[in-house]
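# Topology and contacts: notes
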Amino acid sequence: FYFAPKQWFRRGDHVFHLRGGDVEQGFEHPTVLTMRPDFTMSRRLDAARMESAGGTQWRLFGVTERTFSREGGVTVRTPVEAVYDLGTEARALRIQVGRPEQMRYPQLRRQIAARSEVGLKTRDFELTMHNRFAYPAAGLPAALLAVLMAIRPGRKGHLTAALVEGLGIAMAMWGLMVVCRTLVLAERMPPALAAWLPAILLSLGALIAWARYQGVFAQFVDGGVVVV
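Because the structure is a prediction, the values reported are computed rather than measured.

Close contact between helix 1 (residues 105–117) and helix 2 (residues 123–150) brings their axes to 9 Å; oriented N to C, the two are set at 155°. Classified by the angle their axes make, helix 1 and helix 2 are roughly antiparallel. As for the relative orientation of helix 1 and helix 2, their crossing is left-handed in sense. Of helix 2, the residues touching helix 1 (which contributes Tyr-105, Leu-108, Arg-109, Gln-111, Ile-112 and Arg-115) are Phe-125, Glu-126, Thr-128, Met-129, Arg-132 and Phe-133. Of the residues that constitute the contact of helix 1 with helix 2, the class distribution is six nonpolar, two polar and four charged.

On the surface, Tyr-105, Phe-133, Trp-196, Ile-200, Leu-201, Leu-204 and Leu-207 cluster together into a nonpolar patch covering about 640 Å² of accessible area. In this fold, Leu-201 is placed in helix 4 (residues 191–217). Of the residues examined, Leu-201 reaches a relative accessible area of 38% and is grouped as partly exposed.

What follows is about the layout of surface pockets. Any empty space left between atoms is shown by rolling a water-sized probe over those atoms. Quantified by volume, the second largest pocket comes out at close to 220 Å³. Lining the second largest pocket are 13 residues, with Glu-101, Leu-127, Asn-131, Met-177 and Arg-181 sitting closest to its centre. Elements that contribute at least two residues to the lining of the second largest pocket include exactly helix 2, helix 3 (159–185) and helix 4. For the lining of the second largest pocket, the element with the most residues is helix 3, which contributes five residues. Among the residues making up the lining of the second largest pocket, the classes are represented as eight nonpolar, two polar and three charged.

Our next topic: the pattern of salt bridges. Tallying each qualifying case throughout the model produces nine salt bridges. A salt bridge links Arg-44 to Asp-46, with the shortest nitrogen-to-oxygen separation between them at 2.8 Å. Across the pair Glu-101 and Arg-181 runs a salt bridge whose closest N-O atoms are separated by 3.5 Å. Residue Glu-101 is found in the loop between strand 11 (81–85) and helix 1, and its partner Arg-181 is found in helix 3; the two are separated by 80 residues along the sequence. Since its relative accessible area comes to 35%, Glu-101 is described here as partly exposed. Under the relative-accessibility criterion, Arg-181 is labelled partly exposed at 25%. Sharing partners across several salt bridges, the network here consists of Glu-28, Arg-49 and Glu-51.

Turning our eyes to something else, we now look at the packing of aromatic side chains. Overall, the coordinates contain two aromatic pairs when judged by the stated rule. Seen from their ring centres, Phe-27 and Trp-58 are 6.4 Å apart, and the 50° between their planes marks the pair as tilted. Remark: Trp-58 occurs in strand 8 (residues 57–61) and Phe-27 occurs in strand 4 (residues 26–28); sequence separation between them is 31 residues. In terms of burial, Phe-27 and Trp-58 fall into one category: buried. Seen from their ring centres, Tyr-105 and Phe-133 are 5.7 Å apart, and the 80° between their planes marks the pair as edge-to-face. Taken together, the residues Tyr-105 in helix 1 and Phe-133 in helix 2 connect sequence positions 28 residues apart.

How each quantity is defined
- Residues numbered from 1 in each chain as written.
- Predicted model: local features only at pLDDT ≥ 70, side-chain atom pairs only at ≥ 80, totals over all residues.
- Heavy atoms only, no water.
- Axes fitted to C-alpha atoms, helices over the stretch in contact; angles between N-to-C directions.
- Helix = DSSP H or I, 4+ residues; strand = E, 2+ residues; numbered from the N terminus.
- Parallel < 35°, antiparallel > 145°, perpendicular 65-115°, else oblique.
- Left-handed = near helix turned anticlockwise from the far one by under 90°.
- Contact = heavy atoms within 4.5 Å.
- Nonpolar A, V, L, I, M, F, W, Y, C, P; charged D, E, K, R; others polar.
- Patch = residues over 30% accessible without salt bridge, like charges linked within 9 Å, V, L, I, M, F, W, Y side chains within 5 Å.
- Areas by Shrake-Rupley, 256 points an atom, 1.4 Å probe, with all protein chains shown as cover.
- Salt bridge = Lys/Arg side-chain N within 4 Å of Asp/Glu carboxyl O.
- Buried < 20%, exposed > 50% of the residue type's maximum accessible area, 1.4 Å probe, protein only.
- 1 Å grid on protein atoms, 1.4 Å probe; cavity = no way out; pocket = protein on both sides within 12 Å on 5 of 7 lines; lining within 4 Å.
- Points joined across faces, edges and corners; volume = space filled by probe spheres on them.
- Phe/Tyr/Trp six-rings, centres within 6.5 Å; stacked < 30°, edge-to-face > 60°.

That's the geometry; what it means functionally is another story.
Shown next as structure tokens:
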């Protein structure tokens, strides 16, 4: 249900409820609401089908048009076919269905622009776009931190301890990503910061570990062998 097609769109004074179809094939059983500045309804259009007639013009078939006055009166028209200027170009309704993680980078950019035009949330798409670079970039400081922990002075244990430490770093990285994503969807953190925060924190951890143990790395004996 979370990734179901988004059916409600807002563009200027018009609110669209599109129950099926697309821009190329036409929309089935659409409803278009026209709102006044005080957000009271001035007109409602229900149609069997809606197709683009070019520009901001749309051709509706099997229309039921209701016009609402401020005094509470209602006027009803039922034209078989009519063309309306809905203030929205066809490209603004090119909303692609699917998870943002399944889209390529150019598709993500187009969807962010299209969804912004019709008033849909774009935070998860922006987060995914930044994660295309931030997620692999976080692997380098995470691996460096694991290596620094493995060769720290006075370390006890061998392979098993190193594996556990590496798993702990991976779990910490995953936990940071989950928390940051939750904050983005809750509108408590910008998508760019949430995407890059795990990589930044891991880099800081690696720098702190390097500064702490760099004295050990400077010890060379017998032709440059590091003593740890």
